[in-house]
Amino acid sequence: MNSSAIRDHAVKASLRLVGVLQDPHQLAGCFQPAGQPRPALVEIKRWEKAGVPSKLVEEMTGCATPFRTERFAIAGARESLTIDTRAACEKPLGSVPQKRFGDFHFLSLNSWKHFRGDHAVTTFILPLAPRQTLVRTRWLVHKDAMEGIDYDLDRLG
């Protein structure tokens, strides 16, 4: 896949996915019918009970490499950051115990990474000149996953 095709895929995927992530820290004032728990908060409690961290950790000053990390709930089926919110890859990534793993992200000065139960996306940016920046994005699936069998490239977000 050439660089313009990769860029086009990234832009289209990003635009399609607006609204799929649910920031649990922004849900406190959201409308929810009386007596019904907020889905994102239910997910967080389930993760924490299973020992899967989800709380915001932010070190932006006083360290060599500032970073921010947090886990967000995913709307809908809650499996992955795809249009239908279902897993894009049939093989789980690593030893993730379940599909409903949320979106664990790690942000640093010039890179960001998103890890889900079925795939991960890493993006690295490097300024080259005042009007030129190198952007490198990689979509990662299980090492044994086969394109067209276990995943469809167009479904990866």
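Residues numbered from 1 in each chain as written. Predicted model: local features only at pLDDT ≥ 70, side-chain atom pairs only at ≥ 80, totals over all residues. Heavy atoms only, no water.

Secondary structure assignment for the chain yields two helices and seven strands. Counting helices and strands in the order they occur from the N terminus, the chain gives α-β-α-β-β-β-β-β-β. Residues classed as buried in the chain amount to 34% of the 157 residues present. For the chain, contacts bridging at least 24 residues in sequence account for 50% of all contacts bridging at least 6. Total accessible area on the chain is roughly 9800 Å²; 58% of this is exposed by carbon and sulfur atoms. (Helix = DSSP H or I, 4+ residues; strand = E, 2+ residues; numbered from the N terminus. Buried < 20%, exposed > 50% of the residue type's maximum accessible area, 1.4 Å probe, protein only. Contact = heavy atoms within 4.5 Å. Areas by Shrake-Rupley, 256 points an atom, 1.4 Å probe, with all protein chains shown as cover.)

Residues at a pLDDT of 70 or more form 73% of the chain, whose mean pLDDT is 76. Taken together, the stretch residues 15-19 has pLDDT below 50 and engages in seven contacts with residues farther than four places along the chain or on a different chain. Of the regions scoring below 50 in pLDDT, residues 25-34 engages in nine contacts with residues more than four places distant in sequence or in other chains. (pLDDT = per-residue confidence, 0-100.)

Turning to the pairing of strand S7 (residues 132-140), a few remarks are in order. Bridging between strand S6 (residues 120-129) and S7 involves nine bridges; their strand directions are antiparallel. From the neighbouring strand, phenylalanine 124 faces S7, where its bridge partner is arginine 136. Following S6, the chain reverses through two residues before pairing antiparallel with S7. (Pairing = 2+ DSSP bridges.)

As judged from the six bridges shared by strand S3 (residues 67-74) and strand S4 (residues 103-108), these two strands associate in the antiparallel manner. Across the sheet, arginine 68 pairs through a bridge with leucine 107, a residue of S4. Hairpin remark: S4 followed by strand S5 (residues 111-115), antiparallel, with two residues in the connecting loop.

Quick look at the nonpolar core now. In terms of nonpolar packing, the biggest core is built from eight residues, these being Ala88, Cys89, Val121, Trp139, Val141, Ala145, Tyr151 and Leu156. One finds Ala40, Ile44, Val52 and Phe101 within the second-largest nonpolar core, a separate group that totals six residues. (Core = buried A, V, L, I, M, F, W, Y, C linked by side-chain atoms within 4.5 Å.)

Moving on, we come to the pattern of salt bridges. Throughout the structure, instances matching the rule amount to five salt bridges. Between glutamate 48 and lysine 55 there is a salt bridge, with the nearest N and O atoms lying 3.1 Å from each other. Across the pair glutamate 58 and arginine 68 runs a salt bridge whose closest N-O atoms are separated by 3.0 Å. One end of the pair, glutamate 58, is in strand S2 (residues 57-59); the other, arginine 68, is in strand S3, with ten residues separating them in the sequence. Each of the salt bridges in this network shares a partner with another, and the network as a whole consists of Glu58, Arg68 and Glu70. (Salt bridge = Lys/Arg side-chain N within 4 Å of Asp/Glu carboxyl O.)

So, on to the packing of aromatic side chains. Throughout the structure, instances matching the rule amount to two aromatic pairs. Judged by centre distance (5.6 Å) and plane angle (15°), the rings of phenylalanine 67 and phenylalanine 106 are stacked. With phenylalanine 67 in strand S3 and phenylalanine 106 in strand S4, this residue pair connects regions lying 39 residues apart in the sequence. Ring geometry for phenylalanine 104 against phenylalanine 115: centres 6.3 Å apart, planes inclined by 40°, an arrangement best described as tilted. (Phe/Tyr/Trp six-rings, centres within 6.5 Å; stacked < 30°, edge-to-face > 60°.)

The next thing to look at is unusual backbone geometry. Phi at threonine 85 is positive, roughly 60°, even though this residue is not glycine. Along the chain, the position of threonine 85 falls in the loop between S3 and S4. Under the relative-accessibility criterion, threonine 85 is labelled buried at 7%.

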